[in-house]
Amino acid sequence: MPCGQQESGAAPAPYVLGVDVGSTVVKCHVYDRAAAVRGSGCRRVESLYPRPGWVELDPEVLWSQFVGVIKEAVQAAGLHMRQIAGLGISTQRSTFITWHRRTGKPFHNFISWQDLRSAELVKSWNKSLLLKVIHIIFTVLHFLTRNDRYLAPSFLTFSTQHTSMKLSWVFKNIREAKEAAKKNNCCFGTVDTWLLYRLTEGSVYATDYSNASSTGVFEPFTKCWNPTLCNLLSIPMSVFPPVKDTSFNFGSANPGIFGVPIPIMAIVADQQSAMFGECCFHPGDVKLTMGTGGFWNVNTGEQLFASQRDLYPLIGWKIGEEVVYLTEGCMSDIGTAIKWAQDIDLFTNVDETAKMARSIVDSQGVCFVPGSQVSGNDPYLSASFMGLKPSTTRNHLIRAILESVAFRNKQLYDIIVKKICIPLQTIRADGGVSNNSFVMQMTSDLINKKIEKPANADMSSLGAAFLAGLASGFWTDKEQLKKLRRVEAVFKPQKDFEAYKPAMDTWLQATKHFLHW
């Protein structure tokens, strides 16, 4: 069913679509020239778990959901497809598929960014002598040249979240993909590339700079697929798509899909899209997304900061000659943990959680520790509650989960301040968890900064629409986009950090103990 309603009395006018293919939901919003939502559609993403640790998406189901939400949204707005000026597509990052170049038939389902099938391969590489040699070589190169390009490989550690590891797994374990690659008949694509390929019935095979840089296989310094990494992992270079601008005319959807050829004017990775939707256009602008996972992104302008142990560089977007770089830090188990708490009936409605957390003075020493937050190198380490007592109630458990989000926000913010030599400006939050006033206020208190929350938390959809609107002439420039922003709330620091220090110290102690579990 459509998520939005038709607005009565709306005059016929051009509109733009923003679709966000996330980890849990596919959403489409129809935007007018004031960036107001005129109609919406949404469907839940159906993840598959064929084996323990494996997470997949059926490409045909995802395609059906994608087409379905667009039709729902346009219908909910009371419009005809002829009134759509352009389509912008934001997608979850690093989830990928491979398929036969000639037949278009996939060799496997989408392998999710959450998938752990490459765990043994990751473990083997991280213990290998070859990786130690690579560390030494690049440490020496960085020392001699002071070129930041050599910094990241000097402490390279693989993880199951790296697309490179899972893609290497594909060519080691799926014979059809390996054989097709030998004949240059294998295509690799993240979700955006696959949807573009399907929308154009195979006539357009491409990705954009934001999605490419998010795979970890694309070198942001050279803006090319990384041949050194691919040779190291036995990944054929022939499988990768051409990389295009983010805001760009990619062609039109085949008329048989929507009845008319809708122009595809932007494809963009979800976090970068949310950054654009928040109008974080200037160096030092900060976006905090709290959805399935948590992401801090800092606009570093034309300056590309090399990977460091907790932060990594990305291409935010490329529009013509403009290339904007970001630095990102991420957190696991944000919305995932809250959804789990709901599934086991700790609460009924997510709107209750802030009230539940405030109904008690503290968590009574109960701490929630996400597994991968403690050790990113151990994919099997699960989340845990510590400090449980006979007096522990569901309110204490909920408060512990929400506090862990704020504590990790504080940790990442401090790392960013220390390592990024750019004065931080506005902090803008989005994602479903940004609707939780307890988390937002506590985060503001801990970092001692005000945080803006937009009127619409679906920033990835809006960012994709903005990018599509710029490419199609629907909007003229970024200055016009900034005037369309609507802020719903501003959270300002109300308590000193010292008020939270005992609870945060207890949580930090819990994370240390958890390593010895």
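Residues numbered from 1 in each chain as written. Predicted model: local features only at pLDDT ≥ 70, side-chain atom pairs only at ≥ 80, totals over all residues. Heavy atoms only, no water.

**Q** I'd like a description of the sheet that holds strand β2 (residues 25-31), backed by residues and values.
**A** In spatial order, the strands read β3-β2-β1-β6-β14; together these five strands make up an open sheet with mixed pairing. Because the sheet does not close on itself, it has two edges, and the strands there are β3 (37-44) and β14 (264-269). Strand after strand, the sheet turns through a mean of 15° between neighbouring axes, direction not considered. Looking at chain direction, strand β1 (residues 15-21) and strand β6 (residues 84-91) are connected through seven bridges and run parallel. Paired with valine 19 across the bridge in β6 is isoleucine 89. Against the sheet, helix α1 (residues 59-76) touches β1, β2, β3 and β6, its axis set at about 155° to β3. (Pairing = 2+ DSSP bridges. Helix = DSSP H or I, 4+ residues; strand = E, 2+ residues; numbered from the N terminus. Axes fitted to C-alpha atoms, helices over the stretch in contact; angles between N-to-C directions. Contact = heavy atoms within 4.5 Å.)

**Q** How would you explain the packing of helix α2 (residues 119-126) against helix α4 (residues 163-173) if you had to name every residue and give the values?
**A** To describe two helices that pack against each other, one gives the angle between their axes and the distance between the axes. Viewed as axis vectors pointing N to C, α2 and α4 meet at an angle of 110°, and their least axial separation amounts to 9 Å. Taken together, the axes of α2 and α4 are roughly perpendicular relative to one another. Here Leu121, Val122 and Trp125 of α2 come into contact with α4, specifically with Met165, Ser168, Trp169 and Lys172. Looking at the contact of α2 with α4, its residues break down into five nonpolar, one polar and one charged. (Parallel < 35°, antiparallel > 145°, perpendicular 65-115°, else oblique. Nonpolar A, V, L, I, M, F, W, Y, C, P; charged D, E, K, R; others polar.)

**Q** Report on the side chain of serine 404, specifying residues and quantitative values.
**A** Among the secondary structure elements, serine 404 is positioned in helix α14 (residues 394-419). The class for serine 404 is buried, based on a relative accessible area of 0%. Those residues in contact with serine 404 that lie beyond four places of it in its chain are Phe368 and Trp507. (Buried < 20%, exposed > 50% of the residue type's maximum accessible area, 1.4 Å probe, protein only.)

**Q** I'd love a proper account of a nonpolar patch on the surface, names of residues and values included.
**A** On the surface, a cluster of nonpolar side chains totalling about 360 Å² of accessible area is made up of Leu129, Leu130, Val133 and Ile137. Assignment of secondary structure puts leucine 130 in helix α3 (residues 129-145). Given the relative accessible area of 42%, leucine 130 is considered partly exposed. (Patch = residues over 30% accessible without salt bridge, like charges linked within 9 Å, V, L, I, M, F, W, Y side chains within 5 Å. Areas by Shrake-Rupley, 256 points an atom, 1.4 Å probe, with all protein chains shown as cover. Salt bridge = Lys/Arg side-chain N within 4 Å of Asp/Glu carboxyl O.)

**Q** Break down the packing of aromatic side chains for me, citing the residues and quoting the values.
**A** This structure, assessed with the given rule, holds 23 aromatic pairs. Centroid distance tyrosine 209 to phenylalanine 218: 5.9 Å. Interplanar angle 80°. Geometry classified as edge-to-face. Note on tyrosine 209: relative accessible area 13%, which makes it buried. One aromatic cluster in this structure is built from Phe96, Phe188, Tyr209, Phe218, Trp225 and Phe240. For the cation-ring pair, arginine 117 lies above tryptophan 54, with the distance from its terminal atom to the ring centre recorded as 3.8 Å. (Phe/Tyr/Trp six-rings, centres within 6.5 Å; stacked < 30°, edge-to-face > 60°. Lys NZ or Arg CZ within 6 Å of the ring centre and 35° of its normal.)

**Q** So, the pairing of strand β16 (residues 294-301): which residues are in play, and what are the values?
**A** Two faces make up the sheet, and in a regular strand the side chains alternate between them. Counting buried positions along β16 yields eight of eight residues, so the element is predominantly enclosed. Here β16 shows two buried faces, one formed by Gly294, Trp296, Val298 and Thr300 and the other by Phe295, Asn297, Asn299 and Gly301. Where strand β15 (residues 286-290) and β16 come together, five bridges link them in antiparallel fashion. Opposite threonine 289, over in β16, you have phenylalanine 295 as the bridge partner. The sheet contact formed by β16 and strand β18 (residues 322-331) spans seven bridges and is antiparallel. Looking across to β18, one finds that asparagine 299 is bridged to leucine 326.

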